[in-house]
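Next come the chains, spelled out residue by residue.
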Amino acid sequence: MSVTELAWATTPNGTKIAYERRVGSAGPPILAVHGVLVGTSNWIHQVLRLPQFRWLLPHLRGHGNSPPPMPHQTIEEGALDVESVLLAERIDRAVVLGNSLGATIALALTLMRPHRIHGLVLVEPSLPALAGEEERERLRRSAALVRELLAAGRIEEALAHFLEPRLGPNWAEKAGQRRLEEWRRNIFSTPAWIDAVLAFDPGPVPLAAIDCPTLLVYGAETQPGYRRTIFALADLLPHAQIAEIPRAGHGAPVDNPDAFNELLLGFLSTIEWAPSPA
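Residues numbered from 1 in each chain as written. Predicted model: local features only at pLDDT ≥ 70, side-chain atom pairs only at ≥ 80, totals over all residues. Heavy atoms only, no water.

> Would you explain the packing of aromatic side chains in this entry?
How two aromatic rings sit relative to each other is set out by the distance from centre to centre and by the angle between their planes. Following the criterion strictly, the structure yields two aromatic pairs and no others. Note on Phe53 and Trp55: the rings are 6.5 Å apart at their centroids and 80° apart in plane angle, and the pair reads as edge-to-face. Neither Phe53 nor Trp55 differs from the other in exposure class; each is buried. (Phe/Tyr/Trp six-rings, centres within 6.5 Å; stacked < 30°, edge-to-face > 60°. Buried < 20%, exposed > 50% of the residue type's maximum accessible area, 1.4 Å probe, protein only.)

Encoded structure:
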């Protein structure tokens, strides 16, 4: 039997986006927003190992079963999309968890709908506005290269651009056929989402107004730009804790799930977001 089931939520513009929910769990809800390309496999080790929570996993536009990104896709529109999952589930408040692009969207949701956020966990958000011009230029080059490769039909090379730095030269073998089939579809949305990230700049004053408990997480082996972003955010967010995950890169929830899950459970216990005793 599948651990998750597919469901659909209607966004403010009437589009239906897909999401997965943990089967058979009535625990406290966690809305977990995945990064670009990887889809909901971003959270496989959390959903499988922490069944006491009510996991909700949106498929961002261009990923999984959701439609393509909007014309001129924005991070704010992505935040409204994931809020529609909470509305579909009739959930007023949740802990929101995000990695990479998903963390950027989770941050935007917190700024736009603070009443819905009981706690916030940001794993290496992509925020070039904080990381500096070097990171902006890296992302611009990445989007341009992937557009060029996809236009030429060189899908495997486009995938390798993202996956080889993380998984090594045998990335296809490590990913497995099922994930690769999904990622070959997801890759077409990556330039639009990179453009959205480049355009997103919340500014220091709104960030300083965030008053929910916040956990900022980075991998010990991550890229310098993501590390700079985490520490810049920590200086701006008044209620933020910061934590490093050993033996992990940009995808700490997958790279070192034991350490990440232990950290997550500790944070959730401090904000009283745990299942009631039986």
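> Would you take a moment to explain unusual backbone geometry for this structure?
Trans peptide bonds make up most of the peptide bonds, and negative phi angles are found at most residues other than glycine. Of note in this structure, Leu37 is not a glycine but carries a positive phi near 80°. Tracing the backbone through its elements, the reader meets Leu37 in the loop between β3 (29–33) and α1 (44–49). Residue Leu37 is classed as buried on the basis of its relative accessible area of 2%. Even without a glycine there, the phi angle at Arg247 is positive, about 55°. Among the secondary structure elements, Arg247 is positioned in the loop between β8 (240–245) and α12 (252–255). (Helix = DSSP H or I, 4+ residues; strand = E, 2+ residues; numbered from the N terminus.)

> Would you mind showing me how to read the pattern of salt bridges here?
Where charged atoms from two side chains of opposite charge approach closely, those side chains can pair. Counting across every chain of the model gives 16 salt bridges. Arg21 is the partner of Glu5 in a salt bridge, and the nearest nitrogen-oxygen pair spans 2.7 Å. With Glu5 in strand β1 (residues 4–10) and Arg21 in strand β2 (residues 16–22), this residue pair connects regions lying 16 residues apart in the sequence. The exposure class assigned to Arg21 is partly exposed, which follows from its relative accessible area of 28%. Here Asp255 and Arg166 are joined by a salt bridge, their closest N and O atoms 2.7 Å apart. Within this pair, whereas Asp255 is found in helix α12, its partner Arg166 is found in helix α6 (residues 155–167), the two being separated by 89 residues in sequence. We classify Arg166 as partly exposed; its relative accessible area is 37%. It is possible to trace a salt-bridge network through shared partners that takes in Glu5, Arg21, Arg54 and Glu89. (Salt bridge = Lys/Arg side-chain N within 4 Å of Asp/Glu carboxyl O.)

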